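# Working through the structure, step by step
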Amino acid sequence: MRSHFSKEIQFMKHRRAFLTLSCILIVLSIVGICVRGLVFGIEFIGGTEIDFRETGDITIEQMRDALAGADEGEATVQTAVTDGQAGFLVRSGTTDPQVAANHASQVAQTLGLADDSYQVTTIGPDWGADVTRSSLIAFFVAIAAIIVYVSIRYEFKMSISAVIALVHDLLITIGVYAWTQMPVTPNVVAALLTIMGYSLYDTVVEFNRIDENAKQLSDGVHHTYDEIANFSINEVIVRTINTTITSVVPVIAMLAIGGSTLRDFAFAMLVGEILGTYSSFAVASQILCIWKAREPKWAKIAAKYGSGARVTKAPEV
């Protein structure tokens, strides 16, 4: 059979570079989380969110001065656009609904805004604790389900490799939020759980081809597991890239023109989808190959044929 090896992108030969880059990103993420910390939305810690609409030419400095005059000097302020009109989104630690409403009314009067130009939402800390608990339960249930499914469908080593790649994607995404100090809201948590699905999909597509080729390549030529994996990734990489592009385009649109709620979701999705595509061949498959290479069968083949084997197209069944 004619060899396709020379035409392949050599993913496995760059293993050290891929894993080194991932380790650097993970370390930076952990440093960001430990040093800068995460900014949690009021849904998690309790507090008040005031949405000021149609604020005209009012500047962010004027808004902050008005908030300080209403005893909300520590509130965070960000610009917002609603139905094409400029506005502000204010978050504070006030948990008393009446006090929050009075402060918002005072700010509106100071800035000459109408009584119906703002909306006050107050959330107690107990509700935030429930959200946190539910999010953690959802995460661990998803991880357990992934391990069980991939172990049954393929093998245990593939399931653990896939989970490591998932944790890699989530940890770096959270690290980005730590460094940028963007608030972590329930929308971000929803995005993180969605990212797990995208990341797992890319990884399983590659693992499926690796598994099939490892079983089908029985034409008398001995191939190392690295060579089979590299050939398999090359077979599906175009599909993976196309899937990522079609997924990222609407996310970028949400990030560019969506409101603040959509942007929370879209930013996490954008970072996570890019990481999910990268980790499928740079982390999950690399870890799997390192692990599989230690099995007696593959270790023997690698020792005897590792430098000269060539991978050819697997026969269709």
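Note: the structure precedes this text.
Residues numbered from 1 in each chain as written. Predicted model: local features only at pLDDT ≥ 70, side-chain atom pairs only at ≥ 80, totals over all residues. Heavy atoms only, no water.

For the protein, the helix and strand inventory stands at 10 helices and 6 strands. Its C-alpha radius of gyration of 25 Å places the protein more than 25% over the 20 Å reference for a compact globule of 317 residues. Within the protein, buried positions represent 46% of all 317 residues. Within the protein, contacts between residues separated by at least 24 positions form 80% of all contacts whose residues are at least 6 apart in sequence. (Helix = DSSP H or I, 4+ residues; strand = E, 2+ residues; numbered from the N terminus. Rg over C-alpha atoms; globule rule 2.2 N^0.38 Å. Buried < 20%, exposed > 50% of the residue type's maximum accessible area, 1.4 Å probe, protein only. Contact = heavy atoms within 4.5 Å.)

One turn of the α-helix equals 3.6 residues, which is why residues spaced by three or four share an orientation. For helix H3 (residues 60-69), the set of buried residues is Met63, Ala66 and Leu67. Each buried residue of H3 sits inside an arc of 100 degrees when the element is viewed along its axis, so together they form one side. Where the residues of H3 are buried, they touch strand S2 (47-52), strand S3 (76-82), strand S4 (85-92) and helix H4 (97-111). Trailing H3 by a residue or two, aspartate 71 shows a phi angle of about 65 degrees, which is positive. (Arc of directions from axis to C-beta.)

It is worth spelling out the nonpolar core at this point. Across soluble globular proteins, you tend to see nonpolar side chains buried next to one another. Counting residues in each nonpolar core, the largest one holds 51 residues, and the members touching the most others are Ile146, Val150, Met158, Phe207, Tyr225 and Phe281. For this core, the secondary structure elements donating two or more residues are helix H5 (125-153), helix H6 (156-180), helix H7 (186-216), helix H8 (225-257), helix H9 (260-292) and helix H10 (296-305). Looking at this core element by element, the count peaks at 14 residues for H9. If near-sequence neighbours (up to four positions away) are discounted, phenylalanine 207 is found in contact with Tyr154, Met158, Ser161, Ala162, Ala284, Ser285 and Leu288. Counting 17 residues, the second largest nonpolar core, distinct from the first, contains Phe52, Ala75, Val77 and Val107. (Core = buried A, V, L, I, M, F, W, Y, C linked by side-chain atoms within 4.5 Å.)

So, about the pattern of salt bridges. Under the counting rule described, the total for this entry stands at 8 salt bridges. Linking arginine 15 and aspartate 226 is a salt bridge whose minimum nitrogen-to-oxygen distance equals 2.9 Å. Of the two residues, arginine 15 sits in helix H1 (residues 15-35) while aspartate 226 sits in helix H8, which places them 211 residues apart along the sequence. Given the relative accessible area of 16%, arginine 15 is considered buried. The class for aspartate 226 is partly exposed, based on a relative accessible area of 25%. Among the salt bridges present, the one from glutamate 295 reaches lysine 292, with a minimum N-O distance of 3.1 Å. Take glutamate 295 and lysine 292: they sit in the same class, and that class is buried. Through salt bridges that share partners, Glu155, Lys157, Lys292 and Glu295 make up one connected network. (Salt bridge = Lys/Arg side-chain N within 4 Å of Asp/Glu carboxyl O.)

Gaps left between atoms are located by rolling a probe of water-molecule size over the structure's atoms. Here the structure, examined in full by the defined rule, presents 1 cavity of 30 Å³ or more. Contributing to the lining of the largest cavity are Tyr198, Asp202, Thr243, Thr244, Ser247, Glu273 and Thr277. Those elements that provide at least two residues to the lining of the largest cavity are H7, H8 and H9. Partitioning the lining of the largest cavity into residue classes produces 1 nonpolar, 4 polar and 2 charged. (1 Å grid on protein atoms, 1.4 Å probe; cavity = no way out; pocket = protein on both sides within 12 Å on 5 of 7 lines; lining within 4 Å. Points joined across faces, edges and corners; volume = space filled by probe spheres on them. Nonpolar A, V, L, I, M, F, W, Y, C, P; charged D, E, K, R; others polar.)

This paragraph deals with unusual backbone geometry. A positive phi angle is found at aspartate 71, which is not glycine, with a value near 65 degrees. In this fold, aspartate 71 is placed in the loop between H3 and S3. The exposure class of aspartate 71 is exposed, given its relative accessible area of 64%.

Moving on to the sheet that holds S2. Ordered by their spatial adjacency, 4 strands build an open sheet running S3-S4-S2-S5, and the pairing between neighbours is antiparallel. Each of the sheet's edge strands pairs with one partner strand only, and the pair in question is S3 and strand S5 (118-123). Neighbour-to-neighbour, the strand axes of this sheet turn through a mean angle of 20 degrees, independent of strand direction. Note that S2 and S4 share 5 bridges and pair antiparallel. Each residue of the ladder has a partner; that of threonine 48, found in S4, is serine 92. (Pairing = 2+ DSSP bridges. Axes fitted to C-alpha atoms, helices over the stretch in contact; angles between N-to-C directions.)

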